[in-house]
Amino acid sequence: MAILRIAIQKSGRLFDDSTALLRDAGISFGSSPNRLLRAPANNFPLEIIFLRDDDIPDYVEGGVVDAGIVGENVLLEKAKDIRLVERLGFGHCRMSIALPKNSDYAGVQSLAGLRIATSYVRILENFLAKKKITVEIHEISGAVEITPSLGLADAIFDIVGTGSTLLANGLREVETVLESEAVLVAHRALSLEKQEILDRLLFRVTANQNAKNYRYILMNIPNERIADISRLLPGMRSPTILPLAEAGWSSLHSVVREEVFWDVLEQLKAAGAEGILVVPMERMIL
Ligand code: PRT
Ligand code: ZN
């Protein structure tokens, strides 16, 4: 029987969320990647391979592994011929250009001719080419943020999370080049059996993501408001309406997207809904 090999980061910022994603999909596997760099799943046709994030795109392209979880920043930098299957909603960061905090900046043109240190040469080159700006790129493998204070560069291009590393090094962000998150990637041409396993995995992952993106909501409404209130709640197909013991009233159940949730709540209240309850969901299959 076919087994799908998936690479995840061996240790580092994506490790916890990547293993949690697989475990939340009901997949169990041994937990100690320190010595063991591969772990077969016990209850799903999956083998987990623990790698450095930088190696994952190459391994996926070459077919050494079938799929992987990696930062979009790494995916773009490596520019391998692989498929982006799904954004995973963790590992959020941005990639920005930063200058010493007191230097003048009047738009991207100010970067012309500067020495910019980075580990992400390709992404930076693409950005500057689009803006038609020429700079001197210095490729550095780590601790990019200290190069301006050492006089090795005039600016840096690097990953920013909270921004406190930039601040601590006397730098200020002047251009955001990319917003990134962890993504599921796959080999271009998986066998039918392996693609089926990937689809099963994706089905589980999506059910979990949907549950995070939606809230289950129930409320009491006077019967004459059913039509109005239903319009505010498209739900999955249409809301569920159940009669209350008290005549003239119904209980309405539906789901609401997280990002519009507060707006909808206000509209429901204004439209006469009472006793509104909001409950988290475990899984949601659309
Ligand atoms: O060993 P391996 O090569 O696998 O790991 P790595 O050291 O190359 O990567 P790692 O674990 O640091 O990051 C893995 C992925 O996490 C990155 O490729 C990004 O997709 C994502 N990510 C999310 C981040 C950050 N947030 C982040 N803040 N990667 C790096 N940082 C750095 C940032 O550059 C700064 O130096 O963390 C530091 C703290 O950031 P601030 O802005 O919060 O101060
Ligand atoms: Zn790395």
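Please refer to the structure placed before this passage.
Computed from a predicted structure; not experimentally measured.

Peer 1: For this particular structure, what's the right way to read the environment of Glu136?
Peer 2: Relative to the helices and strands, Glu136 is located in strand S8 (residues 136–139). The exposure class assigned to Glu136 is partly exposed, which follows from its relative accessible area of 42%. Each C-alpha atom, one on Glu136 and one on Ala168, is 25 Å from the other, the two residues being 32 residues apart in sequence. Each residue touching Glu136, except ones within four places of it in the same chain, is listed here: Leu114, Arg115 and Ile116. Polar contacts involving the side chain of Glu136 include one to the side chain of His138, which spans 3.0 Å.

Peer 1: Just checking my understanding: could you explain the site of ligand 1 for this structure?
Peer 2: Near ligand 1, the surroundings consist of 22 residues, among which Asp54, Asn73, Ile159, Thr162 and Thr165 are the closest. Gln9 is positioned with one of its side-chain polar atoms (N or O) 2.9 Å from an oxygen atom of ligand 1. The side chain of Asp53 places a nitrogen or oxygen atom 2.8 Å from an oxygen atom of ligand 1. When the free accessible area of ligand 1 is taken as 840 Å², the share hidden by the protein chains comes to 78%. Elements that contribute at least two residues to the shell around ligand 1 include exactly helix H3 (72–78), strand S9 (155–160) and helix H5 (164–168). Looking at which element gives the most residues to the shell around ligand 1, the answer is S9, with three residues. Here the residues of the shell around ligand 1 sort into five nonpolar, 12 polar and five charged.

Peer 1: Even after reading the chapter, I still don't get a nonpolar patch on the surface, so can you show me in this structure?
Peer 2: Together, Ile146, Leu150 and Leu152 make up an exposed nonpolar region whose accessible area comes to about 270 Å². Looking at the element boundaries, Ile146 is found in the loop between S8 and S9.

Peer 1: So what exactly am I meant to see when it comes to helix H1 (residues 15–24) here?
Peer 2: Residue pairs three or four apart in sequence face the same way in an α-helix, which turns once every 3.6 residues. When we look at burial in H1, the residues that qualify are Phe15, Ser18, Thr19, Leu21 and Leu22. End-on, the buried residues of H1 take up no more than an arc of 150°, which puts them together on one face. Looking at the buried positions of H1, the neighbouring elements they touch are strand S1 (4–9), strand S3 (46–51), strand S4 (67–71) and helix H6 (192–213).

Peer 1: Help me understand the nonpolar core in this model?
Peer 2: In a soluble, globular protein the nonpolar side chains are often hidden away together inside. With 31 residues, the main nonpolar core has Leu111 and Phe157 as its most contacted residues. For this core, the secondary structure elements donating two or more residues are S3, helix H2 (56–62), H3, strand S6 (93–100), helix H4 (121–131), S9, strand S10 (171–180) and strand S11 (182–186). With four residues, the single largest contributor to this core is H4. In contact with Leu111, not counting residues within four places along its chain, are Ile97, Leu99, Tyr105, Leu128, Ile133 and Val135. Core analysis: the second largest hydrophobic core is formed by 29 residues, Ile6, Leu14, Ala25 and Phe29 among them.

Reading the values: rules and limits
- Residues numbered from 1 in each chain as written.
- Chains lettered and ligands numbered in written order.
- Predicted model: local features only at pLDDT ≥ 70, side-chain atom pairs only at ≥ 80, totals over all residues.
- Heavy atoms only, no water.
- Helix = DSSP H or I, 4+ residues; strand = E, 2+ residues; numbered from the N terminus.
- Buried < 20%, exposed > 50% of the residue type's maximum accessible area, 1.4 Å probe, protein only.
- Contact = heavy atoms within 4.5 Å.
- Polar contact = N/O pair within 3.5 Å; in protein donor to acceptor, adjacent residues only side chain to side chain.
- Near = heavy atom within 4 Å.
- Areas by Shrake-Rupley, 256 points an atom, 1.4 Å probe, with all protein chains shown as cover.
- Nonpolar A, V, L, I, M, F, W, Y, C, P; charged D, E, K, R; others polar.
- Patch = residues over 30% accessible without salt bridge, like charges linked within 9 Å, V, L, I, M, F, W, Y side chains within 5 Å.
- Salt bridge = Lys/Arg side-chain N within 4 Å of Asp/Glu carboxyl O.
- Arc of directions from axis to C-beta.
- Core = buried A, V, L, I, M, F, W, Y, C linked by side-chain atoms within 4.5 Å.

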